[in-house]
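# Breakdown of the fold
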Amino acid sequence: MARLFEQESRTFSEFLLIPNLTTRDCIPENVELRADLVRYRRGQEASPLQLNIPMTSAIMQAVSDANLAIALTRSGGLSFIYGSQSIENQAAMVRQVKKFKAGIVVSDTNLTPTATLADVLKIRQRTGHATIAVTDDGSSNGRLLGLVTSRDTRVSRMELSDVVTSFMTPLEKLVTAPEGISLSEANDIIWDHKINQLPIITGDGNLVGLVFRKDYEQHKDNPLELLDASKRLLAAAGINTRDFRERVPALVEAGADVLCIDSSDGFSEWQADTLDWVRENYPDIPIGAGNVVDEEGFRYLADHGASFIKVGIGGGSICITREQKGIGCGQATAVMEVARARDRYFEETGWYIPICSDGGIVFDYHMALALAMGADFLMLGRYFARFDESPGRRLVVNGAYVKEYWGEGSNRARNWQRYGHSGSETGLAFEEGVDSYVPYAGSLRENLDSTLAKLKATMVSCGSTNLDHFREHARLVMVSATSIVEGGAHDVIAKESERRA
Ligand code: IMP
């Protein structure tokens, strides 16, 4: 007969935190959310790579493209760019993230000199950017001929057929800077000349990118942004256990700082092979693995050198793995089980291997619970899919704004490398995820600020100003089904039905 685990597995909503003494210095302003990302010898060194907030975005087509990665990394977290796309496209996204922070943005709104005002209006609508580079071939790195900014176009007084060269600010009237200039030098030029954007050009006059005044100001608002030694944003990417020999070199070449094997079931020899190969060929690139839900799975990946280990099977909001295959484990139990395994492993070997709670976070307070239960950091899909920066389309359904959110195991994503039961490239033998909508929630930054405010408030109630202390001292209690009802507004007539995430 199969071995039966003694305890039922449980999920986040079945637990609450009991407050600890809040001391006077324990206030939200003093709470620090730094989190270890990769393995290290605790007690002898710090984790070589840390997150400034304990949040990563899911390795999914509907979540982690370059756009969301830039927004999240600027806020202190990290996005794993999805791997269910061609190697070239994924590497291009990694490159886009790495190029971003230097403050020099590759121009994405470009026209040839023969374009007209009609083309200007069309491209502005498509990209949402007002500044257009006019280059000889209309590419982002062509020879720069001039710029069109909102100051150059007084549309009501112009003809749609007017050619850009007749109203652009030509190169000779532009302030430019040479390739290789530092960001702070570029910003000085912007300030000295009172301009809004500064084109950076090569010795041959080709456009490298633009530095915008507004980005300088934004930078001031991003004290948590996650940067590498050259002050570029950190970039992370998902890989699979099939084409890693081709994919990893391309991603590393594009600048990826961290990798993670993306699989619904990580306790496999395929993961061991992938870890071994990456460890041998790219010993300096940290690589996470998973997903697992118990000590055996954790130890297997830890012994093969995983830099961090993801926990969670079947808890994702779009996930139907449990219904389809009957495998998985309640997410709260899985996190606590693997956290205990991590701590035992550390005592035995001296290696502390951070764990990531992946999937199943529904309410903001679930984040605090997952961290209290032992997670070093979190991975979220649904949460980020709701924001402006995610790749899904924003639509109106039944009068409300929604965003598209589809699972990697759905027929839409066809991520056969993640769910490759048949090993064939032609498709999935069966679906393990759904194609759905999530309520649209606005910008990442606004939502994240409110989520982090709640997390800090919870930590303060539990007497903690950092995550290590919180994990060690938090006290959890299980709640009965009836007390869960008590936890929401009850026995009152609500004025408006609203449910906060
Ligand atoms: P969420 O935050 O609850 O939406 O869960 C996101 C997580 O679900 C991802 O990080 C993956 O681990 C997992 N996931 C993504 N796509 C699928 C799928 O199609 N089926 C099952 N799990 C999925």
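In what follows, the structure referred to is the one given above.
Anyway, here's the lowdown on the structure attached to this text. (Residues numbered from 1 in each chain as written. Predicted model: local features only at pLDDT ≥ 70, side-chain atom pairs only at ≥ 80, totals over all residues.)

The sheet built from 4 strands is open, its strands ordered β7-β14-β13-β12 with mixed pairing. Of all strands in the sheet, those bounded by a partner on one side alone are β7 (104–105) and β12 (177–178). Each of β12, β13 (197–201) and β14 (207–212) is contacted by helix α5 (residues 183–193), which is oriented at about 135 degrees to β13, the strand it contacts most. (Pairing = 2+ DSSP bridges. Helix = DSSP H or I, 4+ residues; strand = E, 2+ residues; numbered from the N terminus. Contact = placed C-beta atoms within 7 Å. Axes fitted to C-alpha atoms, helices over the stretch in contact; angles between N-to-C directions.)

Mapped onto the elements of the fold, Arg143 is located in the loop between β9 (132–135) and β10 (144–148). Classification of Arg143 as partly exposed rests on a count of 16 C-beta atoms within 10 Å. On a C-alpha basis, the gap between Arg143 and Ala133 in space is 9.8 Å, while along the polypeptide they are 10 residues apart. Apart from residues no more than four positions distant in its own chain, Arg143 is found in contact with Thr135, Asp136, Gly205 and Asn206. (Buried ≥ 20, exposed ≤ 12 C-beta atoms within 10 Å, placed from the backbone.)

Let's shift gears to the pairing of strand β15 (residues 236–239). With burial as the criterion, each face of β15 is covered, one bearing Ala236 and Gly238 and the other bearing Ala237 and Ile239. Strand direction decides the pairing type here: strand β6 (residues 78–81) and β15, joined by 2 bridges, are parallel. Bridging from a neighbouring strand, Ile81 pairs with Ala237 of β15. Two elements, β15 and strand β16 (residues 258–261), share 4 bridges in a ladder whose sense is parallel. In the strand pairing of β16, Ala237 is matched with Leu259.

The ligand sits among 24 residues. The nearest are Gly316, Gly381, Gly407, Gly409 and Gly433. Secondary-structure elements contributing two or more residues to the shell around the ligand are β21 (377–380) and α13 (382–385). Class assignment of the residues belonging to the shell around the ligand gives a composition of 8 nonpolar, 12 polar and 4 charged. (Near = placed C-beta within 6 Å. Nonpolar A, V, L, I, M, F, W, Y, C, P; charged D, E, K, R; others polar.)

One way to put it is that helix α7 (residues 244–254) packs onto helix α8 (residues 269–281) with a least axis distance of 11 Å and a crossing angle of 40 degrees. It follows that α7 is oblique to α8 by the angle criterion. The handedness of the crossing between α7 and α8 comes out as right-handed. Contacts from Phe244, Arg245 and Val248 in α7 reach Thr274, Trp277 and Val278 in α8. (Parallel < 35°, antiparallel > 145°, perpendicular 65-115°, else oblique. Left-handed = near helix turned anticlockwise from the far one by under 90°.)

With that settled, the discussion passes to the environment of Asp108. Among the secondary structure elements, Asp108 is positioned in the loop between β7 and β8 (110–111). Along the primary structure Asp108 and Ile132 are separated by 24 residues, whereas in three dimensions their C-alpha atoms are 8.2 Å apart. Once residues lying within four places of it in the same chain are set aside, the contact partners of Asp108 are Thr127, His129 and Ser140.

Once that is clear, we can look at helix α14 (residues 444–461). Between the first and last C-alpha of α14 there are 26 Å, a value that for 18 residues agrees with the 26 Å anticipated at 1.5 Å per step. Leu444, Leu448, Thr451, Leu452, Leu455, Lys456, Thr458, Met459 and Val460 are the residues of α14 that are buried. Tucked inside the fold, the buried residues of α14 contact β1 (15–18), α1 (66–74), α12 (364–372) and α15 (467–473). Two residues or fewer past α14, Gly463 is found with a positive phi of approximately 75 degrees. (Expected span 1.5 Å × (residues − 1).)

Think of a sheet as strands paired side by side through backbone hydrogen bonds, with each pair either parallel or antiparallel. The sheet built from 8 strands closes into a barrel, its strands ordered β5-β6-β15-β16-β17-β18-β20-β21 with parallel pairing. Ignoring which end each strand starts from, the neighbouring axes of this sheet average 30 degrees apart. Pairing between strand β18 (residues 309–311) and strand β20 (residues 355–358): 3 bridges, direction parallel. Bridge assignment links Lys310 to a residue of β20, and that residue is Cys356. Its contacts with the sheet place α1 against β5 (55–57) and β6, and it is angled at close to 160 degrees to β6. Packing against the sheet, α8 makes contact with β16 and β17 (287–292), and its axis sits at approximately 170 degrees to β17.

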